[in-house]
Amino acid sequence: MKIGVLALQGDFAEHITMLKRIGAETAEVRLPKHLEGLDGLIIPGGESTTIGKLAVAYGLIEPLREFGRSHAIWGTCAGAIFLSNDIGRDQPLLGLMSIKVKRNAFGRQVDSFETDLEIDELFKATGTEHPYHAVFIRGPIIESVSGEAKVLCALEDGRIVAAQQGRLLATSFHPELTDDTRFHEYFISLAS
Ligand code: GLN
């Protein structure tokens, strides 16, 4: 199992560390040719505008869309924004997932927080039942899902923070910044 991490900007190194911990082979992706031979790709958190602009500059937009039509891709935070098809403003997006996303949606005062989540699919896939501790850093909210996309997890007040569309995964939070490898394991199960 070889998983690439888009390494244009953001916390790609933390994802690579998590993937290695669960025994996956990894690769940093900066150019279209780096997608060859990968089973899946993670797009990390960071600044979605910067990631988008660099992806345009390196000729990655179409190759990433092509890759996502037949492979697993998981976007965390800025990566989730980049995967979406509607953010209500103009910036480069892959548009692979039918999700409407609002950037920086948790507001300034509470723009970073941690909370425990119940994620049934994740618990089923990993044979566990203890809550998933999620870290949010100026994260987006998934305002709605449509088409093939479905809600994977919502906060108690109903705000959606994780969605899945086939092998495509979007999370508002940062599983690479915790010690819990379950989300990375779940992603590998989608990639295989
Ligand atoms: N606020 C960033 C954005 O809108 C995302 C933050 C993150 O990835 N931690 O792109």
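Please refer to the structure placed before this passage.
Residues numbered from 1 in each chain as written. Predicted model: local features only at pLDDT ≥ 70, side-chain atom pairs only at ≥ 80, totals over all residues. Heavy atoms only, no water.

1. Brief notes about the overall build of the protein
Step number 1: Looking only at helices and strands, one finds 6 helices and 12 strands in the protein.
Step number 2: For 192 residues, the compact-globule estimate of 2.2 N^0.38 gives 16 Å, and the protein sits close to it at 15 Å.
Step number 3: Its C-alpha atoms give the protein principal-axis dimensions of roughly 40 × 40 × 30 Å.
Step number 4: Within the span of the protein, comprising 192 residues, buried residues form 53% of the whole.
Step number 5: A total accessible area of about 8,600 Å² is found for the protein, and carbon and sulfur atoms account for 46% of it.
Step number 6: In the protein, 19 side chains carry a positive charge and 26 a negative one; their mean positions are 6 Å apart. (Helix = DSSP H or I, 4+ residues; strand = E, 2+ residues; numbered from the N terminus. Rg over C-alpha atoms; globule rule 2.2 N^0.38 Å. Buried < 20%, exposed > 50% of the residue type's maximum accessible area, 1.4 Å probe, protein only. Areas by Shrake-Rupley, 256 points an atom, 1.4 Å probe, with all protein chains shown as cover. Lys, Arg positive; Asp, Glu negative; His and termini not counted. Charge placed at Lys NZ, Arg CZ, Asp CG, Glu CD.)

2. A short note on the site of the ligand
Step number 1: If you check the shell around the ligand, you find Gly 45, Gly 46, Glu 47, Ser 48, Cys 77, Ala 78, Ile 81, Arg 103, Asn 104, Ile 137, Arg 138 and His 174 and nothing else.
Step number 2: Interatomic distance of 3.0 Å between a backbone N/O atom of Ala 78 and an oxygen atom of the ligand.
Step number 3: Residue Arg 138 places a main-chain N or O atom 3.1 Å away from a nitrogen atom belonging to the ligand.
Step number 4: Taken by itself the ligand offers 300 Å² of open surface, and the protein chains cover 97% of this.
Step number 5: Residues that form the shell around the ligand fall into these classes: 4 nonpolar, 5 polar and 3 charged. (Near = heavy atom within 4 Å. Polar contact = N/O pair within 3.5 Å; in protein donor to acceptor, adjacent residues only side chain to side chain. Nonpolar A, V, L, I, M, F, W, Y, C, P; charged D, E, K, R; others polar.)

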